[in-house]
Amino acid sequence: MPFDPLRPKCPEKVGLYDPKHEKDACGVGFIVHIDGTQSHDLLFDAEQLSNRMEHRGACSADNDSGDGAGVLVAIPHEFFANKVSQLGETLPAFGQYATGILFLGSGNLDSSKKEFEDLAESLNLKVLCWRRIPKKNDCLGEIARNTEPIMEQVFVVPKDPSNFEGEEEGMFGIQVFILRKTASHKLNREERDWKGHNDKRFYVASLSPSTIVYKGQFNPCQLFKYFEDLVNPEFKTHICIVHTRFSTNTFPSWERAHPNRMLAHNGEINTLRGNINLMKAREGVMANMKFGKKLSELYPVVESEMSDSGSLDNVLEFLVMAGNRSLPEAIMTLVPEAWQNDPLMDNNKKNFYRFGSCCFEPWDGPALLTFSDGRYVGAILDRNGLRPSRFYVTKSNIMVMASEVGVYDAEPSDIVQKGRLMPGRMLLVDTKEKKIIQDEVMKQEIALSRPHDQWWSKHVNLGDLRKANIAQFSTDRRPIIKPLEGSEEDSIVARIWQGDRRMPMFGYNLETIQMLMIPMFQTKKEALGSMGNDAPLACLSKLQPLIYEYFKQLFAQVTNPPIDPFRERIVMSLECPIGPEGNVLEPDEKTCKRLWLKNPILSLGDLEVIKNTTVLGWKTKVIDITYDVNGALDLESAIEEVCKQAENAAKDHQFLILSDRNLSENRIPISAGLASGAVHHHLINTRLRSKCAIILETGEIREVHQICVVVGFGVDAICPYMVFEIAQMLREENVISADITDEVAYANYAAAVDRGISKVMAKMGISTMQSYKAAQIFEAVGLADDVINRCFKGTASRIGGVNFRILAQESLIRHKLAFGHNECDARILRDPGFLHYRSGGEKHINDPNSVALLQEATKHENQAAYQKYVDAAVESIRDCTIRGQFELNFPDPDKAIPVDDVEPASEIVKRFATGAMSFGSISYEAHSTLAVAMNKMGGKSNTGEGGENSDRYLNQDPEYNMRSAIKQVASGRFGVTASYLSHADELQIKMAQGAKPGEGGELPGFKVTIDIAKTRHSVPGVGLISPPPHHDIYSIEDLAQLIYDLKCANPSARISVKLVSEVGVGVVASGVAKGKSEHILISGHDGGTGASSWTGIKGAGLPWELGLSETHQVLTLNNLRSRVVLQADGQMRTGFDVMVAAILGADEVGFSTAPLIAMGCTMMRKCHLNTCPVGIATQDPELRKKFEGKPEHVVNFFFMMAEEVRTYLSKMGIRKFQDLIGRTDLLRQRPSDCEKASLLNFNAILMDASKIRPDASIVGGSVEQDFELEKRLDSEIIPLCQDAIDGKEGVILVEREINNNQRSFGATLSHEIAKRYTNDGLPNGTGVDIKLKGSAGQSFCVFLIKGVNVTLEGDANDYVAKGLSGGEVVIFPPKNSHEAFKSEENIIVGNVCLYGATSGRAFIRGVGAERFCVRNSGALAVIEGVGDHGCEYMTGGRVIILGRTGRNFAAGMSGGIAYVFPREYQRALLEQKAASEQMSNNSIEEPPKEMNGRITPEIRVTNDKESPVADIEDSVKDKEMQAKKQEVILDKTRGFVKYKRETKMYREAEDRLKDWNEIYDFKHVRRGLKKQAARCMDCGVPFCHSTSHGCPLGNIIPKFNDLVFQDNWKEALNQLLQTNNFPEFTGRVCPAPCEGACVLGINEPAVTIKNIECSIIDNAFEQGWIKPNPPAKRSGKTVAVIGSGPAGLAAADQLNKAGHLVTVYERNNRIGGLLQYGIPTMKLSKEVVQRHGKDVVVIGGGDTGCDCIGTSLRQGANSITSFEILPTPPDMRAKDNPWPQYPKLFKVDYGHEEVSVKWGKGDPRRYNTESLEFLKDKDGNLEGIRAVQVEWTKDNAGRWVKSQVEGSETIYKCQLALLAMGFLGPEDYVIESFGLEQDARSNIVTKPGRFSTPKDGVFAAGDCRRGQSLVVWAITEGRQAAREIDEYLVGDSLLPGLGGVIHPRVTQKGC
Ligand code: SF4
Ligand code: SF4
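Reading guide: rules and limits
- Residues numbered from 1 in each chain as written.
- Chains lettered and ligands numbered in written order.
- Predicted model: local features only at pLDDT ≥ 70, side-chain atom pairs only at ≥ 80, totals over all residues.
- Heavy atoms only, no water.
- UniProt positions renumbered as here; feature names shortened; annotations may be inferred.
- Helix = DSSP H or I, 4+ residues; strand = E, 2+ residues; numbered from the N terminus.
- Rg over C-alpha atoms; globule rule 2.2 N^0.38 Å.
- Buried < 20%, exposed > 50% of the residue type's maximum accessible area, 1.4 Å probe, protein only.
- Contact = heavy atoms within 4.5 Å.
- Areas by Shrake-Rupley, 256 points an atom, 1.4 Å probe, with all protein chains shown as cover.
- Lys, Arg positive; Asp, Glu negative; His and termini not counted.
- Charge placed at Lys NZ, Arg CZ, Asp CG, Glu CD.
- Near = heavy atom within 4 Å.
- Nonpolar A, V, L, I, M, F, W, Y, C, P; charged D, E, K, R; others polar.
- Salt bridge = Lys/Arg side-chain N within 4 Å of Asp/Glu carboxyl O.
- Patch = residues over 30% accessible without salt bridge, like charges linked within 9 Å, V, L, I, M, F, W, Y side chains within 5 Å.
- Polar contact = N/O pair within 3.5 Å; in protein donor to acceptor, adjacent residues only side chain to side chain.
- Axes fitted to C-alpha atoms, helices over the stretch in contact; angles between N-to-C directions.
- Left-handed = near helix turned anticlockwise from the far one by under 90°.
- Parallel < 35°, antiparallel > 145°, perpendicular 65-115°, else oblique.
- Core = buried A, V, L, I, M, F, W, Y, C linked by side-chain atoms within 4.5 Å.
- Pairing = 2+ DSSP bridges.
- Phe/Tyr/Trp six-rings, centres within 6.5 Å; stacked < 30°, edge-to-face > 60°.
- Lys NZ or Arg CZ within 6 Å of the ring centre and 35° of its normal.

- An unreviewed UniProt entry lists the protein under the name Glutamine amidotransferase type-2 domain-containing protein, from Tigriopus californicus.
- A UniProt comment under Sequence similarities (unreviewed entry) is attached to the protein, and it reads "Belongs to the glutamate synthase family."

1. Notes on the overall build of the protein
Working step 1: Check the secondary structure of the protein and you find 64 helices and 64 strands.
Working step 2: At 38 Å, the protein has a C-alpha radius of gyration in line with the 39 Å of a compact globule built from 1951 residues.
Working step 3: Counting only C-alpha atoms, the protein reaches 140 × 90 × 75 Å along its principal axes.
Working step 4: The buried share of the protein, reckoned over its 1951 residues, is 67%.
Working step 5: Look at the contacts in the protein between residues 6 or more apart in sequence, and 72% of them connect residues 24 or more apart.
Working step 6: Looking at the protein as shown, the accessible area adds up to about 65200 Å², and 49% of this sits on carbon and sulfur atoms.
Working step 7: Placing the 229 positive and 253 negative side-chain charges of the protein at their respective mean positions leaves the two points 2 Å apart.

2. Some details on the site of ligand 1
Working step 1: Ligand 1 sits among C1591, N1595, I1597, T1626, C1630, A1632, P1633, C1634, I1649, K1650, E1653 and V1912.
Working step 2: If you list the elements that add at least two residues to the shell around ligand 1, you get α56 (1633-1637) and α57 (1649-1663).
Working step 3: Its residues placed into classes, the shell around ligand 1 shows 8 nonpolar, 2 polar and 2 charged.

3. Thoughts on the pattern of salt bridges
Working step 1: With the rule as written, the count across this model stands at 110 salt bridges.
Working step 2: Between E725 and R502 there is a salt bridge, with its nearest N and O atoms 2.6 Å apart. You can see E725 sitting in helix α22 (residues 721-732) and its partner R502 sitting in helix α16 (residues 502-505), a full 223 residues away along the chain. No difference in accessibility class separates E725 from R502, as the two residues are buried.

4. Considerations on a nonpolar patch on the surface
Working step 1: Judged by side-chain polarity, I1682, Y1705 and F1874 come together as a nonpolar surface patch covering roughly 310 Å² of accessible area.
Working step 2: As for its placement among the helices and strands, Y1705 is situated in strand β56 (residues 1701-1705).
Working step 3: A relative accessible area of 48% places Y1705 in the partly exposed class.

5. Let's talk about the environment of N1349
Working step 1: Mapped onto the secondary structure, N1349 falls in strand β45 (residues 1348-1356).
Working step 2: C-alpha of N1349 to C-alpha of L516: the two residues are 833 residues apart in sequence and 54 Å apart in space.
Working step 3: Those residues in contact with N1349 that lie beyond four places of it in its chain are V1328, D1329, I1330 and E1368.
Working step 4: Side-chain polar atoms of N1349 contact the side chain of D1329, separated by 3.1 Å.

6. As for the packing of helix α8 (residues 272-282) against helix α9 (residues 308-322)
Working step 1: At a closest axis distance of 10 Å, the pairing of α8 and α9 adopts a crossing angle of 35°. Here α8 runs over α9; the crossing is left-handed. Here L272, I276 and M279 of α8 come into contact with α9, specifically with D308, S311, V315 and F318.
Working step 2: Considered class by class, the residues forming the contact of α8 with α9 number 5 nonpolar, 1 polar and 1 charged.

7. Re the packing of α8 against helix α20 (residues 672-685)
Working step 1: Interhelical geometry of α8 versus α20 gives an angle of 50° and a closest axis separation of 8 Å. When the axes of α8 and α20 are compared, the pair comes out oblique. Taking contact as the criterion, the partners of N277, L278, K280 and A281 in α8 are, on α20, H680, H681, I684 and N685.
Working step 2: Partitioned by chemical class, the residues of the contact of α8 with α20 number 3 nonpolar, 4 polar and 1 charged.

8. Let's talk about the nonpolar core
Working step 1: Counting 357 residues, the largest nonpolar core has L674, F912, L1059, F1340 and L1394 as its most contacted members.
Working step 2: If you look at the next biggest cluster of nonpolar residues, it comprises 78 residues, including V156, A183, I331 and M332.

9. Here's the deal with the environment of N384
Working step 1: Looking at where N384 falls in the secondary structure, it is placed in the loop between β11 (376-381) and β12 (390-394).
Working step 2: Separated by 46 residues in the primary sequence, N384 and A338 have C-alpha atoms spaced 7.7 Å apart.
Working step 3: Non-local contacts of N384, meaning those with residues more than four positions away in its chain, are made with P423, I563, E568, V571, R1411 and H1429.

10. What to know about the pairing of strand β15 (residues 426-430)
A regular strand carries its side chains on alternate faces of the sheet.
Working step 1: Summarising burial for β15: 5 of the 5 residues are buried, a large majority.
Working step 2: Side chains M426, L428 and D430 of β15 all project onto a buried face; the interleaved residues L427 and V429 project onto the opposite face, where all are buried too.
Working step 3: Inspection of the sheet shows β11 paired to β15 by 5 bridges, in the antiparallel sense. Counterpart to V377 in the pairing with β15 is V429.
Working step 4: Examined bridge by bridge, β15 and strand β16 (residues 435-437) share 3 bridges and lie antiparallel to one another. Among the inter-strand pairings, D430 is bridged to a residue of β16, identified as K435.
Working step 5: Between the end of β15 and the start of β16, which pair antiparallel, lie 4 residues, with K434 showing a positive phi angle near 60°.

11. What to know about the site of ligand 2
Working step 1: As a matter of local geometry, ligand 2 sits amid C1576, M1577, C1579, P1582, C1584, P1598, C1638, V1639, V1647 and I1649.
Working step 2: Among the residues forming the shell around ligand 2, the class breakdown is 10 nonpolar, no polar and no charged.

12. Some details on the sheet that holds strand β43 (residues 1291-1298)
Working step 1: Spatial ordering of the open sheet is given by β43-β44-β45-β46-β48-β50-β51-β52, a layout of 8 strands whose pairing is parallel. Across the chains shown, the open sheet's two edge strands, defined by having one partner strand only, are β43 and β52 (1455-1460). Pairwise comparison of adjacent strand axes, ignoring direction, gives a mean angle of 10° for this sheet.
Working step 2: Where strand β50 (residues 1417-1423) and strand β51 (residues 1435-1441) come together, 5 bridges link them in parallel fashion. When the sheet's bridge partners are listed, I1423 is paired in β51 with I1441.
Working step 3: This element, helix α44 (residues 1273-1285), spans β43 and β44 (1327-1336) of the sheet and lies at about 165° to β43.

13. Side note on the environment of G1023
Working step 1: Relative to the helices and strands, G1023 is located in the loop between α33 (1010-1015) and β36 (1024-1026).
Working step 2: A relative accessible area of 12% means that G1023 is categorised as buried.
Working step 3: Linking G1023 and D628, residues 395 residues apart in sequence, is a C-alpha distance of 55 Å.

14. Some words on the packing of aromatic side chains
Working step 1: According to the stated counting rule, one finds 48 aromatic pairs in the structure shown.
Working step 2: Centroid distance F1899 to Y1928: 5.4 Å. Interplanar angle 70°. Geometry classified as edge-to-face. With F1899 in the loop between α62 (1868-1874) and α63 (1903-1906) and Y1928 in helix α64 (residues 1911-1930), this pair connects stretches of sequence that are 29 residues apart.
Working step 3: An aromatic cluster of at least three residues, connected via ring pairs, comprises F79, F80, Y97, F155, Y214, F218, Y226, F227, F235 and W254.
Working step 4: The ring centre of F974 lies 4.6 Å from the NZ or CZ of R1016, which sits over that ring.
Working step 5: Above the plane of the ring of Y1044 lies R1303, whose end atom (NZ or CZ) is 4.3 Å from the centre.

Structure, rendered in structure tokens:
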């Protein structure tokens, strides 16, 4: 049903919109008479407070309806008594009745009231009367008016007061609570749900004997106009909590306004889902004597459809009413301080928190919570202090607390205290005791209220368990690991490296071990990758991904901040209690009797300890999660069975261990992720989850992301046993050092995991493991509802997809790979290339073929190559992405229009932008080339967060304009000055980045050159951190403020916000649009160039297709789409991608990787190492010289793509790109023969937003955002200063009052100056002096420029002098302040002052709040004290602190000087020391810091570290060589720069031409081989290995190069034999196309691959490693192979491995074919034919020609001449022979050299020579050849034409002519006898890509099918034919495909 704008009820889920994703942030405050005096003035002040926070709220599209506002007050008894008496009733005394407002619908008003009355009756209560709330709704906005409820106030009294007599005090309140709760449960029936059913709504805003809530869908100003009660002078109260809401939700509602019943909230609870689930789970163990059985009527504690604040309010209310806790204690329990890492915290308090954490996990997230129960009123700030909270106390005993100062008017002389709430602290007023209770006092009192320390002493840790089990375990022993059946030796090496079948079953591959696990064992860290993730989504992968790959980590953006887990680690903790929970409602020592873990990883020994423990009477049950392989497809039943077992066990066991140890040939494991998720949810449903811990004993889990998934879905601890067994194996194999003992391996791995989990939690803004656990912070992509509902309930999975059946099938395929019918090559782990590209393995968008084609197309403007590129790219897109599952839906061909009628490409390219790649991550050359290109074509380039050197935007050359139109402002704030901002067309706020959303970046010191340091205002050589959070954006209203700052700093720039796709991004975007952003970029998860851990690159973010369409739909639904221009980016490749983006709603499209590729990037994925060999992602001056990109290449790319778009548009009959936007009817799901793809459901993505809301315009940017800039004080001041700006007057003085509504003061004035004078500011002698009085609004003096001096007498809010750009700011308290007021003890400025300041001075008399001078890079500041995190990340400037500093001072500071008040300095040092000691136990990274302000920067030098390695000769163990042993230190990272290619392959020509021995100088080659291997860069896209350009076999070259480098020759051999049966042949005679394709070959000699290959196999023969290896089983099938050339032999070898009996038939008397008869002995030794004393002419070139020359020479020829008909090849690649094609270059090979040496007459080759006639002597013998010179020219069609050069005929003397012309074709008689078809070249015809012929059982491969080809192609053919034959014979094959990757026959259709 279309959306009705006049009744915009919150719709049900529609398209990708889901109301669940509502988030809000707000302004909040309270005002209280501390002594409890009731007055109406308080309400008046509350109204003012509410109005002054208007800018913190938001408005709907009608610009009138607010997002919500409300007030909670203590009951005005006399006022209500009066009103009730007017209704003819008498209100009992205060406290003996309860009241509240109900929101009711007109459709069932009376029946609702009746039902409520009946319910009250049933609870011994009665409704005294109802009162209709008087109101004035003419102030409401249209939207709010249309959804307005009927508001009835109810008065409830005891039915019979005597019933409560003699009862404990508070029983009446409890009964009222039960009434409220049951009413909410029972009367909020579905059909009365407020969602869309206004006429039957039922909602209790509050019901209490002490407080009442007035709230609704207002803006703050409407609140007090609407409720007549609130402005009635009789209405008197002593407590008011006010709240204004900024909802990102599209559809704010009356009910969701705050305050809730007890609290109002500014912020967001990130851990909500886990908190709700675990609360539900506790229902199984909770009991309360007072409530008895009634307790269950309160369940679920968290009511349905609650927001995060509503849910927390439910739990808070419950704890206070039923949990034996006071309101302050309940708050302290649910939102604890960061106590874990605070060594200075009082022990009593710490023990209370420890006890508290045994009861509840923290509700974590940025939060300022205000609360009241009528007696207490207070506020608490989250542990990280992420919301602003300021308070005043007046002489007249009033306390005002609010998000801002300036909201309450008081004479300075009346104010006795100005303070702010500090992180984790509570502000509390007890109106009964009439006092403010200090945080420390109150917490101490609570801490000592029970014997928490004694209770805590009952907790148990692993050490206790180990000690208690000492009788059973005399040492910390490891369990015995049973060798798997069939292993040859009983050693761990044999079991794992040589074929532990568990490895393939669990999906291990070489990358897992080498790229992910080894770094964790060695460095305690995860490895880094770069250039994003271009592999398929798990739901499209054909390589059986594990369940974890379907999950994407969610991350914080806009509505809450991510955390920097390292620099701000004081708030992070992984400690966690697990095991049986006590009764949290009646706490006692049992509550603490839980197992306390430091982190979730268990060692093998500790798991055994837990299995056997009897401590505290605990019992452990091991549940087998493997099941019979014969029922493998019934996975769901197997899961159900595990759940049943868990349910039974949970009743009397405290630890459940889900174990897959029993995996075997007959038992297949349920994935640990599925099993644990299902058990967790099952135990919640059966209310048993709180009784036990769930532990995994699994071989499947090893990566951080996998651990996060299982913990996120409820697992308490994991023992990843395979990880530890693999560590043993690696040590025994010398792959890792012997120093890495079992204990060290465990410790290092656990530390790496801790670090990784911390990062994952931090990206969502979660700081404790306890609250991350079970919080389900994931979205699934491509999982069906059956899987989600059983195992991951409540998780978003928006496109359906893979069900249990497919998961079971894929698991079975892995089982087959492990235990298949025949081992074949499956003994070696397959390496499908999930991270780096591998031929024949996992697909990648950036494969070698498309990279090569794109470069060919753009460099040479080659349209044909572009078309091929499009074909290749579309193919990869289909394999990998959601958009690849679509096809364009061309309407009727009659509607097509000529291409010329479509708007020109020059218009379309204006919609293109390049991505935010910063100068720093890429080189100056690459960065400026992109800018020039985009300026040439009218598109936009983006500075990235690294800023831009001012030369580039100040001196613009119209022809070569290097200015980036988009200037980015990110968390790093590098070089963001007034001038930088003023010279932008667009200012982009980066909230997150696609490649690693939620994470920060780091520019290592070695990339910080002088230029970069200058641009970023930092110090050369010192690493730079970009933290994940912007320190001025902790919520949506902070973002709105930054948008406003930037608009003020450059009113003509478009303001853009960059978001990353994730579920709910549409709702976030609607908040961003309400925050007045003009442009929104939705980035996909897959793009990006930045370096990050693989966990971040692969595990976070969603495809842009989902995010874009959700955003377009939600903005349209909210009628906000027209206010913003929408852009999408993320691995955009072709015009097809552009079409899809536009159809899904994008106005513009961004590109990053593709233009980089056009400029020469080869997707090395080495950006983080500074070793980019093409000069793009590097700052190394030598490498930068190699940059060959040109702006034209980029321009060509964009224009070719725009032309492609025009072609599609013309076919669709669309003239303008704008008309395509949002046309989802032009896109449809592509039919797919892949079952996984066909299960996906894209209806939600393809929903037409404009049909849901037809009245909404979807023309992006057609409605201007109204910033109301005219209301600023700047607008008034600028004209007054104009003369100074114009240089007409010296110094101008301005004086004014200011209030908190005046935000971003000074920004536009600075802009006016910066436009004219740049950052130099006003010239000397001119200036503006501004004197102000009052409370300044946020961002006071933001970006203030030189020449402007501002003095403020008063105080200011957050962000003072942010980005200070040379101006001067002075702030001091009012001169008439109270005499007791001491500036050094009172807060004067808010959070995040001088953030990103670059120059200027600030003098502040008073104390600043948190995060002072964060990222200051050049300003001078003096202040009297600061809060936590002061001077964090500072890179320059001077800061003088004349007072206290908070915690975490100077974390990550890398430059500048901070002078700190001496006492504080000492204290800070002590804190740091204690914290480090504490943290080292927690195994999280130590941040680099020193406290004196002169920081020693952490400069990582890992890339310069050279590993000590031994040369090949050491491994070969040649005695002679061992004697000469020399340890050589080689550098693999920069080997390609440092080492030259070894060119000498052959023995000296003089020597070798005299013998028939092999020409190679093996000894020499081998000696330098390690150095040669060090030249290989292990490319992310190894072109050498690609079958399109490199090795046809797909030899895994980077892998064997690396193994040779590491001396692991045996494994190198294994890898080589996985793809090549005869490396001894190819290593000698293959022409090595791999080397032609090697990336190094672009501008250097390629890696010497062939020599390495040859040495590996020769060495293997010498070592005796090559032995016959007959198959264990014979299939009983027989195969005949005709021909024993390389193809025949390879096929035979493979078929033999597969167990078939093979007979090879050869017509000659020796086997080998070409090997025997085509290759001369000195290349491949054998007997020779003697031919002496002849003049020889060789006709034909190439390798064959050279071999003929060499052979003739050794056979005693008199002379040798070689004819080549083509011209002499060039020395450099010709234009039509680009890299990575095989290089056609002039090359002197061994034969040519030998001829020169022998006769001294130079090269024997004669180019451009054509033989015309063989001349005979009189006997008929050959005596000469008549030849002629030819010439080559191009005809008009561009074809080469040959002509003879007149008069050039020559007679060559010759008695022997050798025709080096190759293979003549297969033998006809064989073909005829089989009746096979032949093609024109006489080759046997088979289907493309297949080897079977139409004749059943007959296959063709090699030259007979392919025609004349290289030996390496022949082997490839033989191997692949064998695989097909094997499948033909036994129905399946475990022989590998290309690249050595085995693909067992899959059972699902077509995949
Ligand atoms: S077989 Fe040929 S192409 Fe392949 S790696 Fe060896 S030398 Fe290179
Ligand atoms: S051989 Fe060349 S292309 Fe291959 S991985 Fe090494 S450097 Fe890259």
